[in-house]
Amino acid sequence: MNKKKIKIATAIVVALGLGFIFYNQTIPDEYVPDDNEIALHIQFDINEDIGLLVYDYRANGHEYSGGTSNADGSLIKHDSDIIAALKKEELHSSADTVELSIQFRIITEYVAPNYENIYPDDITKYIEPVSWEAHFGESYFITITGDKANGYEAVLN
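Residues numbered from 1 in each chain as written. Predicted model: local features only at pLDDT ≥ 70, side-chain atom pairs only at ≥ 80, totals over all residues. Heavy atoms only, no water.

Just to check I follow, could you spell out the confidence of the model for the chain for this structure?
Low pLDDT marks stretches whose predicted atomic positions should not be read closely. Looking at the chain, the pLDDT average stands at 87 and 82% of residues meet or exceed 70. Taken together, the stretch residues 13-28 has pLDDT below 50 and engages in zero contacts with residues farther than four places along the chain or on a different chain. (pLDDT = per-residue confidence, 0-100. Contact = heavy atoms within 4.5 Å.)

Help me understand the pairing of strand 4 (residues 81-87), please; the structure alone is not making it clear to me.
In regular strands, side chains alternate between the two faces of the sheet. Judged by which residues are buried, strand 4 turns out to be one-sided: Ile82, Ala84 and Leu86 face inward and are buried, whereas Asp81, Ile83, Ala85 and Lys87, on the alternate face, are not. As judged from the seven bridges shared by strand 1 (residues 37-46) and strand 4, these two strands associate in the antiparallel manner. Residue Leu40 lies in a different strand from strand 4, and its bridge partner there is Ala84. (Buried < 20%, exposed > 50% of the residue type's maximum accessible area, 1.4 Å probe, protein only. Helix = DSSP H or I, 4+ residues; strand = E, 2+ residues; numbered from the N terminus. Pairing = 2+ DSSP bridges.)

Even after reading the chapter, I still don't get the pattern of salt bridges, so can you show me in this structure?
Scanning the entire structure with this criterion turns up five salt bridges. The partner of Lys87 in a salt bridge is Glu37, with the nearest N and O atoms 2.7 Å apart. One end of the pair, Lys87, is in strand 4; the other, Glu37, is in strand 1, and 50 residues separate them in sequence. Take Glu37: its relative accessible area is 1%, and that puts it in the buried class. With a closest N to O distance of 2.3 Å, Arg58 and Glu63 form a salt bridge. (Salt bridge = Lys/Arg side-chain N within 4 Å of Asp/Glu carboxyl O.)

Where do I start with the sheet that holds strand 4 in this structure?
Hydrogen bonding along the main chain pairs the strands of a sheet, whether they run parallel or antiparallel. Pairing within the open sheet is mixed, and its four strands lie in the order 4-1-8-9. Either end of the sheet is taken by a strand with one partner, and the two such strands are strand 4 and strand 9 (151-156). Within this sheet the neighbouring strands show an average axis-to-axis angle of 20 degrees, counted without direction. Pairing of strand 8 (residues 139-147) with strand 9 involves six bridges; the strand directions are antiparallel. If you follow Thr145 over to strand 9, its bridge partner there is Glu153. (Axes fitted to C-alpha atoms, helices over the stretch in contact; angles between N-to-C directions.)

Listed below in structure tokens is the structure:
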């Protein structure tokens, strides 16, 4: 009788484990911004992997710069989904909205990131800026398409 209970308990644990794995793979975690931040979901649909993504942005007339790379020095995958959170305090805003303009730069090869966000011109590809009135507590989805040879484009979805 005890062996039967153990088998049933094991079957339940395995079923729950498989269910949990299936759930995590089919329903991705979505970042939900706090009331004091703006979430940028940057989806790549580009033809090759890249070294870094730099974003220069202006919020209510103030200029900022940020970026992302892989800590291990590997390239960012061509189909990556990157989330950047812009906090109200960092943007020096007390309003519920901010006029936001972002210009992305693709650094086509991996180079060590630096605080100045200055990289060699021959591996830097500029993308036309995207501008809109952004609301704190909201998420915005931007898709970047293209390739190194023909250039890149960013579209606010």
